[in-house]
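Coordinate analysis (summary)
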Amino acid sequence: MDAIEVNNLTFSYDSETDVLKDISLRIPKGSYTTIIGHNGSGKSTIAKVLIGLLEPQAGTVKILGRELNEENLYDLRSHIGIVFQNPDNQFIGSTVADDIAFGLENRQVPQEDMQAIIEESAAKVGMNDYLNAEPTNLSGGQKQRVAIAGILAVKPDVIVFDESTSMLDPQGKASINKQIRELNKNKDRTIISITHDMDEVAQSEYVIVLENGQVMMEGTPQEIFAHQDELEKMGLALPFALKISNRLKDMGVLDHGLLSLDEVVNSLCQ
Ligand code: ADP
């Protein structure tokens, strides 16, 4: 079964220009899928359609095999969660702890278990010293961490990250990306990450490339990165490790391109 199945989806904000144009795609259950594309290609819009925040003009969305419609919207929402790019749109609680608690309360997690889950989730994103802070007083990066802690606490079956580490420094990003991979470790949870970070794309299993409201390419990172010229035309670069290893391949030092710097270093040290 697919985590997400989208068939002939069309969406427009103003009924004049279609922002998503007859899109069909499948996201395998348990996969770590990345969605990439130029700014304005429709990535955030499709994320909002997938979680039922925007209603498409045509087409269907299935989540874990069930078609999303008005009747089952709330039920299906308990299986899919999103962390938005701009965390200001997401805060509900008056303290960080309240905010993380919100999703747990919605899912009827027993009160006596809540505090431990809140502390554990905040610790995973390095925000355990801020549980009594007001979310509005935090920096952009700290807000993103809290929003991610909220999702780590409830762990829905399908999680959409919409550029949710864009305000973090490289170290913070790496640590959150590690948490994201951890969520997907047992392959029972599906991660969909909208990202500009090509090194993150290299670490994912399935990639969907959107361009001008359409799916331009989909496949494994290796398959996608083989289309370097098309990616460049869309303003998308190759991951750093692949650029280096391709150069080393041209020099006869390596015999194929590699997707992570660790692999490059290991190959050179052999
Ligand atoms: P991406 O996430 O790939 O940058 P978006 O999904 O945010 O792209 O935007 C796709 C298109 O829809 C853009 O042309 C954008 O201007 C337009 N758009 C996005 N949000 C709205 C909105 N709330 N109202 C009208 N147009 C919008």
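As a reminder, the structure under discussion sits directly above these lines.
We now turn to the structure provided with this report. (Residues numbered from 1 in each chain as written. Predicted model: local features only at pLDDT ≥ 70, side-chain atom pairs only at ≥ 80, totals over all residues. Heavy atoms only, no water.)

1. Some details on the site of the ligand
- In the vicinity of the ligand, the contacting residues are Tyr13, Val19, His38, Asn39, Gly40, Ser41, Gly42, Lys43, Ser44 and Thr45.
- Between the ligand and the protein, one listed contact pairs an oxygen atom with a backbone N or O atom of Gly40 at 2.7 Å.
- Contact distances for the ligand include 3.0 Å between an oxygen atom and a backbone N or O atom of Gly42.
- When the ligand is considered free in solution it has 560 Å² of accessible area, and contact with the protein chains removes 53% of it.
- A per-class count over the shell around the ligand returns 2 nonpolar, 7 polar and 1 charged. (Near = heavy atom within 4 Å. Polar contact = N/O pair within 3.5 Å; in protein donor to acceptor, adjacent residues only side chain to side chain. Areas by Shrake-Rupley, 256 points an atom, 1.4 Å probe, with all protein chains shown as cover. Nonpolar A, V, L, I, M, F, W, Y, C, P; charged D, E, K, R; others polar.)

2. So, the sheet that holds strand β5 (residues 66-67)
- Taken together, 4 strands build an open sheet; the order of strands is β2-β1-β4-β5 and the sheet is antiparallel. What marks the edges here is a single partner per strand, and that holds for β2 (20-28) and β5.
- Where strand β4 (residues 58-63) and β5 come together, 2 bridges link them in antiparallel fashion. Bridge pairing links Ile63 to Arg66 in β5. (Pairing = 2+ DSSP bridges. Helix = DSSP H or I, 4+ residues; strand = E, 2+ residues; numbered from the N terminus.)

3. Brief notes about the side chain of Glu200
- Topologically, Glu200 is positioned in helix α7 (residues 198-203).
- Buried Glu200, no salt bridge; nearest opposite-charge side chain is Arg181, N-O distance 7.0 Å.
- Polar side-chain contacts of Glu200 include one of 2.8 Å to the side chain of Ser193.
- For Glu200, the residues in contact, after removing those within four places along its chain, are Tyr32, Thr34, Asn177, Ser193 and Thr195. (Buried < 20%, exposed > 50% of the residue type's maximum accessible area, 1.4 Å probe, protein only. Lys, Arg positive; Asp, Glu negative; His and termini not counted. Salt bridge = Lys/Arg side-chain N within 4 Å of Asp/Glu carboxyl O. Contact = heavy atoms within 4.5 Å.)

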